[in-house]
Amino acid sequence: MCTLFDEIAKEHETKGRMEGRMEGRAEEIIESSYEMNLSEHDILMRLQKKLDISLQKAQEYFSRYAKHTI
């Protein structure tokens, strides 16, 4: 029998995995966009479109991962 604590722990684990996948995809999109010589604006647009995220979230990913790919 699952306890409430077990259910909450599973939910947090699932959210963590989903966020991890999203971060990995964002990093790949940024890296490939740089390889295609896209501008920061175009990279932000690609992130928003491909990940279905807000501009603010795209900017967060960009500031986190663009430093690693330059």
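Provided above is the structure to which this section pertains.
Residues numbered from 1 in each chain as written. Predicted model: local features only at pLDDT ≥ 70, side-chain atom pairs only at ≥ 80, totals over all residues. Heavy atoms only, no water.

Student: Would you mind going over helix H2 (residues 40-51) with me for this structure?
Tutor: Owing to its 3.6 residues per turn, the α-helix brings residues three or four apart onto one side. End to end, H2 covers 16 Å across twelve residues, agreeing with the expected 16 Å (1.5 Å per residue, within 8%). Two residues or fewer after H2 comes aspartate 52, characterised by a positive phi angle close to 55°. (Helix = DSSP H or I, 4+ residues; strand = E, 2+ residues; numbered from the N terminus. Expected span 1.5 Å × (residues − 1).)

Student: Explanation requested: unusual backbone geometry in the structure shown.
Tutor: Among all residues save glycine, negative phi is the norm, and among peptide bonds the norm is trans. Positive phi, normally seen in glycine, also occurs at asparagine 37, with a value near 60°. Note that asparagine 37 resides in the loop between helix H1 (4-35) and H2. Owing to a relative accessible area of 69%, asparagine 37 belongs among the exposed residues under this scheme. The phi dihedral of aspartate 52 is positive, around 55°, even though this residue is not glycine. (Buried < 20%, exposed > 50% of the residue type's maximum accessible area, 1.4 Å probe, protein only.)

Student: Quick question: what am I supposed to make of the pattern of salt bridges here?
Tutor: Here the idea is simple: oppositely charged side chains can pair when their charged atoms come close. Summed over the entire model, instances satisfying the criterion amount to three salt bridges. For the salt bridge of lysine 57 with glutamate 19, the shortest nitrogen-to-oxygen distance reads 3.8 Å. You can see lysine 57 sitting in helix H3 (residues 55-69) and its partner glutamate 19 sitting in helix H1, a full 38 residues away along the chain. On the basis of relative accessibility, which here comes to 30%, the residue glutamate 19 falls in the partly exposed class. The shortest N-O distance in the salt bridge between glutamate 60 and lysine 57 comes to 3.6 Å. Here glutamate 60 and its partner lysine 57 are both found in helix H3, three residues apart, which amounts to about one turn of the helix. Judged by its relative accessible area of 25%, lysine 57 falls in the partly exposed class. Several salt bridges share partner residues, and in doing so they unite Glu19, Lys57 and Glu60 into one network. (Salt bridge = Lys/Arg side-chain N within 4 Å of Asp/Glu carboxyl O.)

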